[in-house]
Amino acid sequence: MKPCVKSYTSAFMEALSKTVKTCCEALGVQSNVFSHLLEKVAKSAPGVLDQLLCHNYESRIYCFLSQTLRHIDPLGFDSLIADYIAFVRSEHTYDLRFYLVFTEICINTILYWVFARRAHPVFVQKLLENTILYLSDKDSLLALIWRTFTPVYNPSPFSGVTPLHYVAQTRQSNILKVLLQFGILEREHNPTSTIFIILFYPTRVRMGDDSESTDIIKDAELCLGLCIRVLCSIHIAQLKALIGFRQKALISNWLDCIPATRYREPCELLHLCRVSIRSHLLTNNKLPAGIFLLPVPTMLQNYLNLET
């Protein structure tokens, strides 16, 4: 590790909160992680904004946060997200452009580690539980699930993909299920676009390997099945149009995987009830926790929570 990066990392390690300390050995307790990091970056050199935009501060900030995110457990991650929320909600005197650039880099790093590196449902669930109150405002810096990130770390965090679309691209059915249980697909302006991605986005591995090809197709089928549990209708004509433009679907018999009640026949009453109840809970930011407060049998609670 280069000396300058090492000194920054040491300062960052000293700033972590008490809960994170229990999860990451030898970390001290001094202040909010992000406030402390921002102060260090702001004081490090004159003209820091231009350097932040044009030079290596992005990768340094990434190194700071990665020291924790690489080894953190769910309890420590809870604390880290709480620090981030407190940081964004607190008053600051820094230049607005500098503050926004710094925050975007932090968001990019967090999302990159949660969805592309760790890729564990528990961390995704913790992220959503801590930020659920802010999901209705897609422009909020606290609505992390709507922000974009670069799946392969890139020092420029201002273009990328949303977590939902990245999970659809990579067909991570276990992660997608968590996102759907929190109503992320239902909040989408065009939820069918997620179906498009699952079916048509190029795979990251060569399809010549029969075992890997089979696994990828199974994952895609699982992802498609999860989306069907949420949606009342799917625009089949648009999917067929893509095939008409010589786009090849990953699932060759994809139409057989979609019930006729999603595009041709009337939707099942049971499913319409699920959609209606989930919509009401979603409006009140009660998904999925509110499901388990309803006075209905466990079997119906599981059905509402997309378990079946």
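See the structure above.
No experiment lies behind these values; they were computed from the predicted model shown.

Procedures and definitions
Throughout, residues of each chain are indexed from 1 in the direction in which the sequence is written. Given that this is a predicted model, residues contribute local features only at a pLDDT of at least 70 and side-chain atom pairs are listed and counted only at 80 or more, while totals for whole chains, interfaces and linings are drawn from all residues. Each side-chain value is derived from all of the structure's non-hydrogen atoms; neither hydrogens nor water enter the calculation. Counting from the N terminus, the helices are the DSSP runs of H or I reaching at least four residues and the strands are the DSSP runs of E reaching at least two. Relative accessibility thresholds used throughout: buried, under 20% of the residue-type maximum; exposed, over 50%; partly exposed, between the two (1.4 Å probe, protein chains only). Residue contacts follow a heavy-atom distance rule, with two residues in contact if any of their heavy atoms lie within 4.5 Å. One less than the residue count of a helix, multiplied by 1.5 Å, gives the span that helix is expected to have. Axes here refer to lines fitted to C-alpha atoms; in helices the fit is confined to the stretch in contact. Angles between the N-to-C directions go from 0 to 180 degrees. Geometric relationships in this document are graded by angle, where less than 35 degrees denotes roughly parallel, more than 145 denotes roughly antiparallel, 65 to 115 denotes roughly perpendicular, and other angles denote oblique. Crossings are classed by handedness, with left-handed meaning an anticlockwise turn of the near helix from the far one by less than a right angle and right-handed meaning a clockwise turn. Pairing of aromatic rings covers Phe, Tyr and Trp, the last through its six-membered ring, and needs centres within 6.5 Å; plane angles under 30 degrees mean stacked, over 60 mean edge-to-face, and all others mean tilted. Criterion for a charge above a ring: Arg CZ or Lys NZ at most 6 Å from the ring centre, at most 35 degrees from the ring normal. Criterion for a salt bridge: a side-chain nitrogen of Lys or Arg within 4 Å of a carboxyl oxygen of Asp or Glu. For this text, the term disulfide refers to a pair of cysteine sulfurs within 2.5 Å. Each nonpolar core is a collection of buried residues, namely Ala, Val, Leu, Ile, Met, Phe, Trp, Tyr and Cys, held together in the definition by side-chain atoms within 4.5 Å.

**Comments concerning the overall build of the protein**
Alright, step 1. Within the protein, the regular secondary structure consists of 15 helices and 0 strands.
Alright, step 2. Taking all 308 residues of the protein together, the buried fraction comes to 48%.
Alright, step 3. For the protein, long-range pairs separated by at least 24 residues make up 69% of all intrachain contacts whose partners lie at least 6 apart in sequence.

**What about helix α6 (residues 74–89)?**
Alright, step 1. With 16 residues, α6 should reach 22 Å at 1.5 Å per residue; the first-to-last C-alpha distance of 23 Å fits that figure.
Alright, step 2. All buried positions along α6 are accounted for by Gly76, Phe77, Ser79, Leu80, Ile81, Asp83, Tyr84, Ile85, Phe87 and Val88.

**Things to note about unusual backbone geometry**
Alright, step 1. Look at the link from leucine 287 to proline 288: it is a cis peptide, with omega at -5 degrees.
Alright, step 2. Mapping proline 288 onto the fold places it in the loop between α14 (269–283) and α15 (298–304).
Alright, step 3. Phi is positive for arginine 171, close to 50 degrees, though the residue is something other than glycine.
Alright, step 4. Tracing the backbone shows arginine 171 in the loop between α9 (163–170) and α10 (173–181).
Alright, step 5. You will see that leucine 306, though not glycine, has its phi angle at about 65 degrees, which is positive.
Alright, step 6. Residue leucine 306 is classed as buried on the basis of its relative accessible area, which comes to 1%.

**Thoughts on the packing of α9 against helix α11 (residues 192–200)**
Alright, step 1. At a closest axis distance of 7 Å, the pairing of α9 and α11 adopts a crossing angle of 30 degrees. With respect to α11, the element α9 is oriented roughly parallel. Seen from above, α9 lies across α11 with right-handed handedness. Judged by residue contacts, Leu164, His165, Ala168 and Gln169 of α9 engage Ser193, Thr194, Ile197 and Ile198 from α11.

**Observations regarding helix α5 (residues 57–69)**
Alright, step 1. Under the 1.5 Å per step criterion, the end-to-end length of α5 is 18 Å for 13 residues, consistent within 8% with the ideal 18 Å.
Alright, step 2. For α5, the complete set of buried residues consists of Tyr57, Glu58, Ile61, Tyr62, Phe64, Leu65, Ser66, Thr68 and Leu69.

**Some words on the packing of aromatic side chains**
Alright, step 1. Applying the stated criterion to the full structure yields 10 aromatic pairs.
Alright, step 2. Each ring, one from phenylalanine 149 and one from tyrosine 166, has its centre 5.4 Å from the other, and the planes form 70 degrees; the classification is edge-to-face. Taken as a pair, phenylalanine 149 in the loop between α8 (121–131) and α9 and tyrosine 166 in helix α9 lie far apart in primary sequence, 17 residues in all.
Alright, step 3. For tyrosine 166, a relative accessible area of 7% corresponds to the buried category.
Alright, step 4. Through a chain of ring-to-ring contacts, three or more aromatic side chains come together here, namely Phe34, Tyr84, Phe87, Tyr99 and Phe102.
Alright, step 5. Seen from the ring of tryptophan 113, arginine 117 lies directly overhead, with NZ or CZ sitting 4.3 Å from the centre.
Alright, step 6. A cation over a ring is seen here: lysine 138 above tryptophan 146, with NZ or CZ 4.3 Å from the ring centre.

**With respect to the pattern of salt bridges**
Alright, step 1. The tally for this structure, following the rule as stated, stands at 6 salt bridges.
Alright, step 2. Here glutamate 104 and arginine 147 are joined by a salt bridge, their closest N and O atoms 2.2 Å apart. Of the two residues, glutamate 104 sits in helix α7 (residues 96–118) while arginine 147 sits in the loop between α8 and α9, which places them 43 residues apart along the sequence.
Alright, step 3. The class for glutamate 104 is buried, based on a relative accessible area of 15%.

**Brief notes about the state of the cysteines**
Alright, step 1. Using the criterion set out here, one finds 0 disulfides in the structure.
Alright, step 2. With no disulfide partner, cysteine 267 has as its closest neighbouring cysteine sulfur the one in cysteine 232, 4.6 Å distant.
Alright, step 3. Owing to a relative accessible area of 18%, cysteine 267 belongs among the buried residues under this scheme.

**Some remarks on the nonpolar core**
Alright, step 1. The biggest cluster of nonpolar side chains holds 83 residues, and the ones touching the most others in it are Phe115 and Leu239.
Alright, step 2. In terms of residues, this core owes the most to one element, α7, which gives 13 residues.
Alright, step 3. Not counting residues up to four positions away in its chain, the partners in contact with leucine 239 are Ile195, Phe196, Leu199, Phe200, Ile234, Trp254 and Ile258.
Alright, step 4. Formed by 5 residues, the second largest nonpolar core is a distinct cluster that contains Leu281, Leu282, Ile291 and Leu304.

**Examining the environment of lysine 218**
Alright, step 1. Within the secondary structure, lysine 218 is located in helix α12 (residues 210–228).
Alright, step 2. With a relative accessible area of 47%, lysine 218 lands in the partly exposed category.
Alright, step 3. Along the backbone, lysine 218 and serine 173 are 45 residues apart, and their C-alpha atoms lie at a distance of 9.6 Å.

This is a description of form; function is not addressed.
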